[in-house]
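This is what each chain is made of:
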Amino acid sequence: KNQVEQSPQSLIILEGKNCTLQCNYTVSPFSNLRWYKQDTGRGPVSLTIMTFSENTKSNGRYTATLDADTKQSSLHITASQLSDSASYICVAEGGLTGGGNKLTFGTGTQLKVEL
Amino acid sequence: DSGVTQTPKHLITATGQRVTLRCSPRSGDLSVYWYQQSLDQGLQFLIQYYNGEERAKGNILERFSAQQFPDLHSELNLSSLELGDSALYFCASSPRDRGIGTYTFGSGTRLTVV
C-alpha cells in the first residue's frame, strides 16, 4: 500500500529560526516527490518537485532533499517568517499501470512561526 | 488566483441529499483530479480525468461520480450524503495525463452535511 508519513505532526518555532520537516514514503513505482504549502482552508501550493534522480531542490528559503534509496525526503526552511505558518505536505507520485498518475499525500506538518 | 476555479466555495446540505461540485481547470490543462480532505486528514485521491476520459480511480465511493465535459470543466456529484462526507473537496489540474508536471489546486469547496 502506498503511504507517506511525515514528522513532526506539528512544530512551533520563533521567527528567524530554521527548521527541518521529515517525510518517509513507500510508493511504487516511484516517479517524483513534491512538497506543498497549504494555508488553512486553501488549496495546496507547490514548493518543490524532485524526480528520483535529484538529491536537492531549492525554492527561495525552502530547500528539499531526497534520498530515493532510503525513501526519505526533508524540507528545510531557513530564516522563518510569520507567513511560513501553514501545513507542509509531502506528496509522493507514482505512475499507474494503464496510464494516469496518482499522488499519495502525507497528513502534513503543521508549522507555526511565532514572534 | 491559481487559475483553477471551484464553485461553490461553501455548501451546506442535509443528509440524504445530492450535490454537484464544479471545477474549471487552468487554461491549457487537460487533466482534472478530485481530492477529499477530511478534518486532520491528508488529501485523498478520488478520481482523475484526462481530456474527457476517466484515467484513474482512487478511494471514490459508489455514491460519488464525476465527469469531464468537452470544454474540460469537471463536475463531482455526491449523492445520498452522509455526515461523514463533510470535508473539503479540492480539484487540481495538470497539463498532461502523467509524468512530471505542475499540479495546480483550486481553493476547494467546503461541504457540510447536517
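Structure's up top.
These notes cover the structure that comes with them. If you're wondering where the values come from, they're calculated on a predicted model, not measured in any experiment.

Attention now goes to the packing of aromatic side chains. All names here are of chain A. By the definition in use, this model includes nine aromatic pairs over all chains. For the ring pair tyrosine 25 and phenylalanine 30, a centre distance of 4.7 Å and an interplane angle of 25° mean the geometry is stacked. For tyrosine 25, a relative accessible area of 3% translates into the label buried. When the ring of tyrosine 62 is compared with that of tyrosine 88, the centres are 6.1 Å apart and the planes differ by 45°; the resulting orientation is tilted. With tyrosine 62 in strand β7 (residues 62-67) and tyrosine 88 in strand β9 (residues 86-95), this residue pair connects regions lying 26 residues apart in the sequence. Of the two residues examined, tyrosine 62 and tyrosine 88, each falls in the buried class.

Cis geometry is found at the peptide bond from serine 7 of chain A to proline 8 of chain A, where omega equals -10°. Mapped onto the elements of the fold, proline 8 of chain A is located in the loop between β1 (3-7) and β2 (10-14). The amide bond that connects serine 28 of chain A to the next residue, proline 29 of chain A, takes the cis arrangement and shows omega of -10°. The residue proline 29 of chain A is located in the loop between β3 (19-26) and β4 (30-38) in this model. At alanine 79 of chain A, a position not held by glycine, the phi torsion is positive, near 45°. Positionally, alanine 79 of chain A belongs in the loop between β8 (72-77) and β9. With phi around 45°, serine 80 of chain B is a residue other than glycine that occupies positive phi space. Mapped onto the fold, serine 80 of chain B is located in the loop between β8 (74-78) and β9 (87-94).

Thresholds applied
Residues numbered from 1 in each chain as written. Chains lettered and ligands numbered in written order. Predicted model: local features only at pLDDT ≥ 70, side-chain atom pairs only at ≥ 80, totals over all residues. Heavy atoms only, no water. Phe/Tyr/Trp six-rings, centres within 6.5 Å; stacked < 30°, edge-to-face > 60°. Buried < 20%, exposed > 50% of the residue type's maximum accessible area, 1.4 Å probe, protein only. Helix = DSSP H or I, 4+ residues; strand = E, 2+ residues; numbered from the N terminus.

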